[in-house]
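# A structural walkthrough
Below are the chains, spelled out letter by letter.
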Amino acid sequence: PDDCLYAGDRLAIAEQQYREAARLNPRSVAPLVNMASLLVEEALAVSREDQTTGRMRLNDALASLNKAFEIQSTAALANYWAGVVYYLTAFYEESESYFKKALDTGDPRMVTAHLALADIYARLREWDGVVAELDRYLEAVPFAPNRTRVRAARKAAFDRLEASSQ
């Protein structure tokens with residue numbers, strides 16, 4: 001219990017600091033994106049016990065990201081985190097759109113958006129999309145530590161694609 005209070009205090013302090021940073025530098029998207037990522041983490045932590053609070057935190061994260069988009073609509077991390085929020089709420093088409101926008105920025109940190117897109121396509125049973133996104137990920141990060149699992153997922157998706165075309 002004490003750990004939960006400590007974690008809650010830390011989250012409240014971080015939230016306060018991000019809000020202050022946004023106030024001090026109103027043209028920076030960084031505090032707003034950082035705030036959103038914190039809210040997503042908090043939503044994931046609380047949603048196991050309280051889905052309503054988890055959903056509210058995701059809505060708060062999206063509000064913070066929308067403020068970031070008002071400043072810079074092409075911010076890679078803002079688009080990535082918007083993709084995460086929409087993914088967590090099962091709005092896969094919106095999620096797909098934001099992950100693609102994150103990738104379109106050319107920011108090399110967004111390479112994991114290929115994995116997110118592959119997961120979305122798997123949920124939608126769009127096996128050609130899964131294969132394409134996993135290929136793009138492996139091309140961008142050929143020595144990724146997770147490459148064995150990614151290759152296995154790609155093979156499984158390819159096998160399903162082949163089976164569905166027969």
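Reading guide: rules and limits
Residues numbered from 1 in each chain as written. Predicted model: local features only at pLDDT ≥ 70, side-chain atom pairs only at ≥ 80, totals over all residues. Heavy atoms only, no water. Helix = DSSP H or I, 4+ residues; strand = E, 2+ residues; numbered from the N terminus. Buried < 20%, exposed > 50% of the residue type's maximum accessible area, 1.4 Å probe, protein only. Contact = heavy atoms within 4.5 Å. Areas by Shrake-Rupley, 256 points an atom, 1.4 Å probe, with all protein chains shown as cover. Lys, Arg positive; Asp, Glu negative; His and termini not counted. Charge placed at Lys NZ, Arg CZ, Asp CG, Glu CD. Patch = residues over 30% accessible without salt bridge, like charges linked within 9 Å, V, L, I, M, F, W, Y side chains within 5 Å. Salt bridge = Lys/Arg side-chain N within 4 Å of Asp/Glu carboxyl O.

Before going further, it helps to spend a moment on the overall build of the protein chain. From N to C terminus, the protein chain includes eight helices and zero strands. Of the regular secondary structure in the protein chain, the N- to C-terminal order runs α-α-α-α-α-α-α-α. For the protein chain, the C-alpha atoms occupy an extent of roughly 55 × 40 × 30 Å along the three principal directions. Relative to its full complement of 166 residues, the protein chain shows a buried share of 39%. Nonlocal contacts in the protein chain, meaning residues at least 24 apart in sequence, comprise 44% of its contacts between residues at least 6 apart. Here the protein chain has roughly 10,200 Å² of accessible surface; of this, 52% comes from carbon and sulfur atoms. In the protein chain, 20 side chains carry a positive charge and 24 a negative one; their mean positions are 3 Å apart.

Quick look at unusual backbone geometry now. The phi torsion at Ala90 lies on the positive side, around 65°, for a residue other than glycine. Along the chain, Ala90 falls in the loop between helix 4 (76–88) and helix 5 (92–104). According to the relative accessible area criterion, Ala90 is partly exposed, its value standing at 46%. Although it is not a glycine, Arg125 sits at a positive phi angle of roughly 60°. Examined against the element boundaries, Arg125 turns out to sit in the loop between helix 6 (113–123) and helix 7 (127–140). Take Arg125: its relative accessible area is 59%, and that puts it in the exposed class.

On the surface, a cluster of negative charge is made up of Glu93, Glu94, Glu126 and Asp128. Summarising the element assignment, Glu93 is placed in helix 5. Of the residues examined, Glu93 reaches a relative accessible area of 66% and is grouped as exposed.

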